[in-house]
Amino acid sequence: VSASVLDTLFNASSAPDSLFEVAAVVTQPPSGRDRGRKVMRSPVAQHSLDRGFPSDLIFIPVRGGEEAFLSELRSLEPELCITAAYGNILPSKFLKIPPLGTVNIHPSLLPLYRGAAPVQRALQDGVKETGVSLAFTVRALDAGPIIARETIKVDDHIKAPELLDLLFGLGSKLLIRELPSIIDGSARSKSETQDDSKASLAPKINPEESWLSFDQEASVLHNKVRAFAGWPGTRARVAALDKKSGQQNVLELKVITSRVCGSDNSLGSEADNVIFSKGSLVFPCGGSTALEVLEVQLPGKKVVSAAAFWNGLRGQQLKKLA
């Protein structure tokens, strides 16, 4: 999503009537991104190079407060900084450099969902409406004055990666629309101070949160599947029981796609038994509800449909585990 925002800025800066140019790019250091832990550039750095941006103007500080980095940034005399999903704390020394300030694209309707995982936490809460905010950055977490917002409706099936793309796409357009007022200074005077009393937090996701607990209602689990899609995903333990031999094999399933099912399916699912009905694995859940699972993935395997997974059981009985 950061690379998509940068692409929008590159495109806008190359227009004949552009008010600005991209002076530098700041991104996270390289990291091991594949199974072989091969060190790869961040998508932002790679996209910058692909667009022909000078490599000596791509900065990759481990921390935003590194003096060598700040010194180089000061020497460029940037007038405005833009951030999008940067993931590093920006110290006061950084924020004091650009005279027009630092503006952040944040994928929530601030002051709601301040923090590292606003889209994921909003989906986890089952919100019906969310949006993107353009705000000045201050030292307090996502608490700066709001320049503009865009609101959208959220359907019951959109997953976090799709919603992230959608919101940062909207945020990019919002940024380009508001840049003239940010550059001439009028955005500062028209910006809206956040009401801290209405703030909610969106803390970073811990991978241990990814386990599904089927004593919760199906809607809670479905929202978690949507929220944690992409990373870290949602996992469930099930047991495949061979009725002839009595042997039980415990499997760890990654739940890829789900939906809350109607009462006609949930009635057929008793106790801890998982049944297959109308193309879905049906898990009994708390409150006499049931979750339909449409796609799953076993460790080290490809994502498969519920039907393909069920056929692979070859008649074994499937039970949910705590």
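Residues numbered from 1 in each chain as written. Predicted model: local features only at pLDDT ≥ 70, side-chain atom pairs only at ≥ 80, totals over all residues. Heavy atoms only, no water.

Going by what an unreviewed UniProt entry lists, the protein chain is known as methionyl-tRNA formyltransferase and is assigned to Escallonia rubra.

Novice: Talk me through the overall build of the protein chain; I want residue IDs and the actual numbers.
Specialist: Helix and strand counts for the protein chain stand at 10 helices and 15 strands. Each principal axis of the C-alpha atoms in the protein chain carries an extent, and together these give about 75 × 45 × 35 Å. Relative to its full complement of 322 residues, the protein chain shows a buried share of 43%. Restricting to contacts in the protein chain with at least 6 residues of sequence separation, those with at least 24 account for 63%. Total accessible area on the protein chain stands at roughly 16700 Å², and carbon and sulfur atoms take up 51% of it. Where the 37 positive side-chain charges of the protein chain centre and where its 35 negative ones centre are 6 Å apart. (Helix = DSSP H or I, 4+ residues; strand = E, 2+ residues; numbered from the N terminus. Buried < 20%, exposed > 50% of the residue type's maximum accessible area, 1.4 Å probe, protein only. Contact = heavy atoms within 4.5 Å. Areas by Shrake-Rupley, 256 points an atom, 1.4 Å probe, with all protein chains shown as cover. Lys, Arg positive; Asp, Glu negative; His and termini not counted. Charge placed at Lys NZ, Arg CZ, Asp CG, Glu CD.)

Novice: Quick one: what's the story with helix α2 (residues 43-50), residue by residue and with numbers?
Specialist: Here α2 has its buried residues at Val44, Ala45, His47 and Ser48. End-on view of α2: buried residues confined to an arc of 165 degrees, all on one side of the axis. Turning to α2, the residues buried within the fold contact α1 (2-13), β1 (25-26) and β4 (58-59). Positive backbone phi, at 85 degrees, marks Gly52, one or two positions downstream of α2. (Arc of directions from axis to C-beta.)

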